[in-house]
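# Chain and residue survey
The residues making up each chain are set out below.
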Amino acid sequence: TLSSSSAASDVYKRQLQKGMSARTLARFRAKQITVEQDARGQSTLHREAAAPLALLMCVTGLVLLIACANVANLLLARAATRSGEMAVRLSIGGSRWQLVAQLLVESCLLAVFGGLVGLLITRWTLDLIVSLLPAEAMTTVGGGINRTVLLFAAALTLGTGLLFGLFPALHSTRPDLASVLKGQSGQPAGARSSARLRTSLATAQIALSMALLVAAGLFTRSLFNVSRVDLGLKIDDLVTFGISPELNGYSAERSRALFERLEDELSAVPGVTGVTAASMPILANNNWGNNVSVEGFQAGPDTDTNSSLNEIGPAYLRTLGMRLLAGREFTRADAAPAPKVAIINEQFAKKFNLGRDAVGKHMARGAGGKLDMEIVGLVQNAKYSSVKRPVPPQFFTPYRQDSNVGFLTFYVRTSLDTEQLFAVIRRTVARLDPNLPVEDLRTMLQQVRENVFGDRVITVLSAAFAALATLLAAVGLYGVLAYTVAQRTREIGLRMALGAAPRNVRAMVLRQVGCMTLVGGTIGLAGAVAIGRFARSLLFEMQGHDPAVLAAAALALILVAFGAGFVPAYRASQVDPIRALRYE
């Protein structure tokens, strides 16, 4: 058995290698067979989603860092107000590490409460993602939270609580006992180092927010480019669905008769202006190709003669709004007994050097076959399997000339309300065969949106994360400035007592905002360029950078930063010098 199997394998290999050049044969032999687990079936979603999910994980990590920086600033400010308490505890014999442990427990409790709230937000976020995914993706991607993810989130929550609570805990447990116990709490313990750290954390938040704003802008611009793609089709008022009678035990003859009856019945519905069908659904990430032989085109051993293929019904071009440049469209007369015919697109004519005079020439499916198929039409280029991919060379043949068609995708153009037409289609199919399911009933607008669902998911989530990050950065900046102003109350009062105008005090605070925004924004731009390079493969008709996006992100960040800094600046300018000089 093994020897016969090996012999059959050798024969198969020789058949495959027949007519190959040495270069093609070398590539053929160099190919490797990869074995994958069959749990996912034939879905390629896990490969397509790998890069977007990696990018979203990075974005999520940046938002987490911003949130942790806010918490660290909060703990530092709180530690400054508890310097007296810590000094008393230490002076009566308390161990520093006992106090550090107590503060870390408090930090971890904050993290745990935040993690619990995060679980609620996770549920809403998952619902949002599910609403953006195509229905078929849900067979591969679950909408729940599994145990592994939950454990990872719990470990990350506790880890961030410990990591970002450690420095405030260490800082607050080493006060100057003499000065603190004498009541000089108006001068915070370790004021300079603490202030530098708070400022650095706020600047880091601005930098991360800048990077996320630029990333969100790039993906938004990319999605805008996708929405402007010329499909070569008219998808408005167009509904699509599929039926597969061969799965219900139909023979090829019964299937063909069912297809024709369905076309007739749907065409008779008032408000329906066009009905057609095709073997391959368009813009559904499905591909069907074949090598071809074309009259007048000499193909060598290494010549690429492959072309995309679709078997279509009469009025296909008119129903889908594809522009016929020359020749004619298929009719019902183009059936099995009639001579074989084909329609080609512009890309096909260009690839095989047919020009505009392609109508009347002959071609064949397969290499070296008899040229028994007459080209009767030339159609304008239109998208085939994907909105984002270039239009491939493509030829069309009548599905009625194929003796083994067991499933078709139908297209119905109508002026009826969508839901009303959906009900008509279901009733019509049920009348012909109650046991025949209607598959993938949707509008072509929905089909196009599902075709670019990855772009939509990335854009929506990156924009949401960028908005959240900017809000957190604004809150953090406000907190730093408000605390700084409170700590400098005496200094501000003295300045105003010596003649400083309120506008000068506001300018002093806003200068600090400007410096932090300038430094953070510059660092963030560098990070944004790195993110853009990493995400270049996910962007459509864009490089990893865009001057307009960079300028818009910078402007948005400046407005948010100065908006967050205005209230502390205004409060500083309203300080009463007499009260300030008696502060604490």
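Here the structure is a predicted model, which means the values were calculated and not measured.

## Regarding the pairing of strand 8 (residues 373–379)
Strand 8 sits mainly inside the fold: six of its seven residues count as buried. Looking at chain direction, strand 5 (residues 324–327) and strand 8 are connected through three bridges and run antiparallel. Residue pairing in the sheet places Leu-324 in a bridge with Val-379 of strand 8. Pairing analysis gives six bridges linking strand 6 (residues 340–345) to strand 8, with the strands arranged parallel. Its bridge partner lying in strand 8, Val-341 is registered against Glu-374.

## Section: unusual backbone geometry
One non-glycine residue, Asp-237, lies in positive phi territory at about 60°. As for its placement among the helices and strands, Asp-237 is situated in the loop between helix 9 (191–227) and strand 1 (238–243). For Asp-237, a relative accessible area of 53% puts it in the exposed group. Phi is positive for Asp-440, which is not a glycine, with a value near 50°. Within the secondary structure, Asp-440 is located in strand 11 (residues 439–443).

## Focus on the side chain of Thr-319
Relative to the elements of secondary structure, Thr-319 occurs in helix 11 (residues 316–320). With sequence-adjacent residues up to four places away left out, Thr-319 is seen in contact with Leu-238, Gly-274, Val-275, Thr-276, Tyr-411 and Arg-413.

## Focus on the pattern of salt bridges
Pairs may arise between side chains of opposite charge once their charged atoms sit close together. Counted under the stated rule, the structure contains 14 salt bridges. Arg-328 is the partner of Asp-334 in a salt bridge, and the nearest nitrogen-oxygen pair spans 3.0 Å. On the accessibility criterion, Asp-334 (6% relative accessible area) is buried. Residue Arg-328 is classed as partly exposed on the basis of its relative accessible area, which comes to 34%.

## Brief notes about the environment of Gln-380
Relative to the assigned elements, Gln-380 resides in the loop between strand 8 and strand 9 (394–398). The class of Gln-380 is partly exposed, set by a relative accessible area of 30%. In contact with Gln-380, not counting residues within four places along its chain, are Met-322, Arg-323, Leu-325 and Glu-346.

## Looking at the confidence of the model for the chain
With 86% of its residues at a pLDDT of at least 70, the chain reaches an overall mean of 83. Looking over the chain, one finds the lowest element-wise mean pLDDT in helix 8 (residues 177–181), namely 52, and the highest in strand 9, namely 95. Below a pLDDT of 50 lies the segment residues 184–189, which in the model reaches six contacts outside its immediate sequence neighbourhood of four places, other chains included.

Conventions and cut-offs
- Residues numbered from 1 in each chain as written.
- Predicted model: local features only at pLDDT ≥ 70, side-chain atom pairs only at ≥ 80, totals over all residues.
- Heavy atoms only, no water.
- Buried < 20%, exposed > 50% of the residue type's maximum accessible area, 1.4 Å probe, protein only.
- Helix = DSSP H or I, 4+ residues; strand = E, 2+ residues; numbered from the N terminus.
- Pairing = 2+ DSSP bridges.
- Contact = heavy atoms within 4.5 Å.
- Salt bridge = Lys/Arg side-chain N within 4 Å of Asp/Glu carboxyl O.
- pLDDT = per-residue confidence, 0-100.

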